[in-house]
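# Geometric and topological summary
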Amino acid sequence: MGGPRSEEELSLYDPSLLLSLDFFRSPANFNPRISAAIPGETWLKVRPLQSGDFHRGFLQILSQLTKVGDVSLTQFLNRFAQMRASGDYYVTVIVDTRYDKIIGSSTLVLERKFIHGCATRGRLEDVVVDDTYRGKQLGKLIVVTVSLLAEQLGCYKMSLDCKDKLIPFYKSIGYTLEAGNANTMNIRYDATTRSINRNIAASKPDNTEPS
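Residues numbered from 1 in each chain as written. Predicted model: local features only at pLDDT ≥ 70, side-chain atom pairs only at ≥ 80, totals over all residues. Heavy atoms only, no water.

### Considerations on the side chain of Arg-47
Within the secondary structure, Arg-47 sits in strand β1 (residues 44-48). Side-chain polar atoms of Arg-47 contact the side chain of Asp-53, separated by 2.8 Å. Sequence-distant contacts of Arg-47, that is, excluding residues within four places in its chain, are made with Leu-18, Asp-53, Arg-56, Val-91, Thr-92, Val-93, Val-95 and Ile-102. (Helix = DSSP H or I, 4+ residues; strand = E, 2+ residues; numbered from the N terminus. Polar contact = N/O pair within 3.5 Å; in protein donor to acceptor, adjacent residues only side chain to side chain. Contact = heavy atoms within 4.5 Å.)

Quick look at the structure:
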């Protein structure tokens, strides 16, 4: 995409979390079978947002979803640092490595609660895939990736708000409509699995090294 980049980039979260996701746990039907570790094409890569992604078109891909505004590199890096320090933001991207270009993104935000024994709820936000990459199951891939990540991080459920036309899509990958709230959908996770995954995630070292 052009533009200067530091040789030492930081990842927003530990990239190894994506390699351990079990896509067979998802009700989503992939044909052919793909995952975050093996996204289909050899030139596709699923990974956490990195500090150099300002120059890889991250904000441009978000502009296909909504108005981004005039965000400077300094603003991007400051917000990246804030998100990384909080540990509650898991912005995950798809990269076309042939062009070093971001072509898709989705965000998992952790909401820490007092209810349900100080449980954590995940929220799915800002799902977008470049229209020119249709037919490669990338929309399904990026959503399932962050949904499985929410489970692995110990969330008791993942929630999203969507337009009417997207309800069938989210139903096909395990989300259900919330009664009395027409466009809010949830996926709930098994309590035993949630406890195990939370302990595993807590035992992982912080990602303090450049990626």
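Alright, that's what it looks like, and here's the rest.
### Examining the pairing of β1
With four of its five residues buried, β1 lies for the most part within the structure. Summarising the sheet, β1 and strand β2 (residues 89-96) pair through five bridges and their orientation is antiparallel. Bridging across to β2, Lys-45 finds its partner in Val-95. (Buried < 20%, exposed > 50% of the residue type's maximum accessible area, 1.4 Å probe, protein only. Pairing = 2+ DSSP bridges.)

### Some words on the confidence of the model for the chain
On average, residues of the chain carry a pLDDT of 89, and 87% of them reach 70 or more. Confidence drops under pLDDT 50 across residues 195-211; counting only partners more than four residues distant or on other chains, this segment forms 26 contacts. (pLDDT = per-residue confidence, 0-100.)

### Structural notes on unusual backbone geometry
At the junction of Asn-31 and Pro-32, the peptide bond is cis and its omega measures out at 5° in the coordinates. Here Pro-32 lies in the loop between α1 (16-19) and β1. Of note, His-116 is a non-glycine position whose phi angle comes to about 55°, a positive value.

### A short note on the pattern of salt bridges
In this structure the tally under the stated criterion is 14 salt bridges. Arg-56 is the salt-bridge partner of Asp-53, the closest N and O atoms lying 2.8 Å from each other. Here the residues in one salt-bridge network are Glu-111, Lys-113, Arg-121, Arg-123, Glu-125 and Asp-161, joined through shared partners. (Salt bridge = Lys/Arg side-chain N within 4 Å of Asp/Glu carboxyl O.)

### Examining the packing of aromatic side chains
Taken as a whole and assessed by the stated rule, the structure comprises eight aromatic pairs. Joined through ring pairs, the aromatic side chains of Phe-54, Phe-58, Phe-76 and Phe-80 make up one cluster. Arg-98 extends its terminal NZ or CZ atom over the ring of Trp-43, reaching a point 3.6 Å from the ring centre. Lys-140 extends its terminal NZ or CZ atom over the ring of Phe-30, reaching a point 5.4 Å from the ring centre. (Phe/Tyr/Trp six-rings, centres within 6.5 Å; stacked < 30°, edge-to-face > 60°. Lys NZ or Arg CZ within 6 Å of the ring centre and 35° of its normal.)

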